[in-house]
Amino acid sequence: QMPEVLSSVGLKEKFHRLNQRPGKPLWFGVGTFDGAPRAAFGLPGNPVSVAVCLRRYVLPFLFRLMSAIPPEPEEAALIEKVDFASPLTYYLPVSLFSTGGRLEAMPRATGGSGDFLSLMASDGFIELPAAVDSFPSGYAAPLYRWGTRAA
């Protein structure tokens, strides 16, 4: 198991198994190695989970390591109602459209967190909070694009 391997080299777990879908098994730890500070992410095994965790956690971390400000999430409104009755934060792949200057998000179904090909039809993902089971059309959510734009 990855957490045990990372712990065995002196990294101390900061978090593991986040309440999110996809990417629940994400692990992060810090420590020292050869007297230098170290940090490591243990990414999930499925490609969609890896892509989401990379964009949501790893890239912002790398920006901060470089003393740069990570791109803030944008906001996009759902084009259609989404139901997700689970106690997990839901990272939903979406395609984007602009209507009258408003960014709109069309949900893109995937065949699960192993279906990397389905992400080709998406521009990024929106973050839907765990505390809500139903999100109406027009619901505005944080948007994370797969690619970032220069500010």
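Residues numbered from 1 in each chain as written. Predicted model: local features only at pLDDT ≥ 70, side-chain atom pairs only at ≥ 80, totals over all residues. Heavy atoms only, no water.

Trainee: Just checking my understanding: could you explain the pairing of strand β7 (residues 89-99) for this structure?
Mentor: Here β7 lies mainly inside the structure; 8 of its 11 residues are buried. Note that strand β2 (residues 20-21) and β7 share 2 bridges and pair parallel. Bridge pairing links Q20 to T89 in β7. Taken together, the 5 bridges between β7 and strand β9 (residues 124-128) define a ladder with antiparallel strand orientation. Bridge pairing in β9 places V94 opposite G124. Sheet topology note: the β7/strand β8 (residues 102-107) ladder contains 6 bridges and is antiparallel. In the strand pairing of β8, S98 is matched with L103. A loop of 2 residues connects β7 with β8, the two strands running antiparallel in sequence, and G100 in this loop sits at a positive phi of about 60 degrees. (Buried < 20%, exposed > 50% of the residue type's maximum accessible area, 1.4 Å probe, protein only. Helix = DSSP H or I, 4+ residues; strand = E, 2+ residues; numbered from the N terminus. Pairing = 2+ DSSP bridges.)

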